[in-house]
Amino acid sequence: MKSWLYPVLRIVCILLMGVLLIVYRETWAQLLVGILGGLLAVYGLVSVVVYLARKSRSDSGFFVPVAGGACMVLGVLLMVKSKSFIQAIVYVAAALLVAISVSQLVRLVRRNRRLKLSGWFFVVPILALLIAVVALWNPMNIATLPMVLTGVGCVICAIADTIVFILFRRQQKFIEKTVQAVEDAPEEVVAQSIDHAQ
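What you are looking at is a predicted structure, and each value in this text was computed from that prediction instead of being measured. Counting from 1, residues in each chain are numbered in the order their sequence is written. Two thresholds apply to this predicted model, a pLDDT of at least 70 for residue-level local features and 80 or more for giving and counting side-chain atom pairs, whereas whole-chain, interface and lining totals are computed over all residues. Derived side-chain values reflect all non-hydrogen atoms in the structure, with water molecules and hydrogen atoms excluded from consideration.

1. Focus on the nonpolar core
Here is step 1 of the chain: In terms of nonpolar packing, the biggest core is built from 11 residues, these being L21, A29, V33, L78, I86, V90, A94, A135, M140, A143 and M147.
Here is step 2 of the chain: Of all elements in the fold, only α2 (25–53), α4 (82–115) and α6 (139–143) reach the threshold of two or more residues within this core.
Here is step 3 of the chain: With 3 residues, the single largest contributor to this core is α4. The criterion is simple. A nonpolar core is a set of buried Ala, Val, Leu, Ile, Met, Phe, Trp, Tyr and Cys residues joined through side-chain atoms within 4.5 Å. Burial status follows relative accessibility: with a 1.4 Å probe on protein chains alone, a residue under 20% of its type maximum counts as buried, one over 50% as exposed, and anything between as partly exposed. Working definition: helices are DSSP H or I runs of at least four residues, strands are E runs of at least two. Numbering for both runs from the N terminus.

See the structure below:
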């Protein structure tokens, strides 16, 4: 296999993954929640089957099959309604962020009467409040933001890796030409070209 093929293949894979994460961000988020739901459903099913297969069920009581059944139901719900689950989590988190931001702003206003705080103290709670409002307005954009950031990071890594690969290949070709010139040329010419290069 050629020595340049592996780095090129790595760059293409990273770039492709980054572009797919950016373009299909909602699908990836729903897929991850669906996988989580599938794992939860399998865990619940296994715990119920193991409980029913045991001969002595008196040690664990009635809690194991109920918890296993609840895990199965929650897992199936996560697989079927992944988008609704994502939106519900974002709504709850945004509501909490609104409450925390408003509370902090009220405390800062009260303290500002006595202490005369700098305006910079108000920046973070106002930004948090704006983020919460955006999350309430469009929850899927906020929920898929980690996918977009990961995709952008992959694209940046692929571009940086491409630049490093090109520079390395240039340097490798220069070294090969220099070695070939040293082997072909007499010692005086090599000494002069080394002095000239420095």
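2. A closer look at the side chain of S101
Here is step 1 of the chain: Mapped onto the elements of the fold, S101 is located in helix α4.
Here is step 2 of the chain: Classification of S101 as buried rests on a relative accessible area of 2%.
Here is step 3 of the chain: From its side chain, S101 meets the backbone oxygen of L97 in a polar contact 2.8 Å long.
Here is step 4 of the chain: Under the rule applied, a polar contact is a pair of N or O atoms within 3.5 Å (in protein, one hydrogen donor and one hydrogen acceptor; residues adjacent in sequence only if both atoms are side-chain atoms). Within polar-contact distance, the side chain of S101 engages the backbone nitrogen of L129 at 3.4 Å.

3. Notes on a nonpolar patch on the surface
Here is step 1 of the chain: Residues forming no salt bridge and having over 30% relative accessible area are the ones grouped into patches, like charges within 9 Å of each other and nonpolar side chains (Val, Leu, Ile, Met, Phe, Trp, Tyr) within 5 Å. Using the Shrake-Rupley algorithm and a 1.4 Å probe, accessible areas are obtained, with residue cover drawn only from the displayed protein chains. Every case where a carboxyl oxygen of Asp or Glu lies within 4 Å of a side-chain nitrogen of Lys or Arg is listed as a salt bridge. Among the surface-exposed residues, L15, L16, V19, L20, V23, Y24, W28, L31, L32, I35 and L39 lie close enough to one another that they form a single nonpolar patch of about 990 Å² accessible area.
Here is step 2 of the chain: Of all the secondary-structure elements, those providing two or more residues to the nonpolar patch are α1 (5–23) and α2.
Here is step 3 of the chain: Topologically, L20 is positioned in helix α1.

4. So, the side chain of S82
Here is step 1 of the chain: The residue S82 is located in helix α4 in this model.
Here is step 2 of the chain: The exposure class assigned to S82 is buried, which follows from its relative accessible area of 8%.
Here is step 3 of the chain: It only takes one pair of heavy atoms within 4.5 Å for two residues to be counted as in contact. In contact with S82, not counting residues within four places along its chain, are Q30, V33, G34 and L77.

5. Some points on the pattern of salt bridges
Here is step 1 of the chain: Under the defined criterion, the tally for this structure stands at 1 salt bridge.
Here is step 2 of the chain: The salt bridge partner of R10 is D161, with a shortest N-O separation of 2.9 Å. Pair noted here: R10 is in helix α1 and D161 is in helix α7 (residues 145–184), with a separation of 151 residues, a long-range link.

6. Observations concerning helix α3 (residues 63–80)
Here is step 1 of the chain: With 18 residues, α3 extends 26 Å from end C-alpha to end C-alpha; this agrees with the ideal 26 Å at 1.5 Å per step.
Here is step 2 of the chain: When α3 is considered as a whole, its buried residues turn out to be P65, G68, G69, C71, G75 and L78.
Here is step 3 of the chain: Here the buried face of α3 lies against α2 and α4. What a helix should span is 1.5 Å times the count of its residues minus one.

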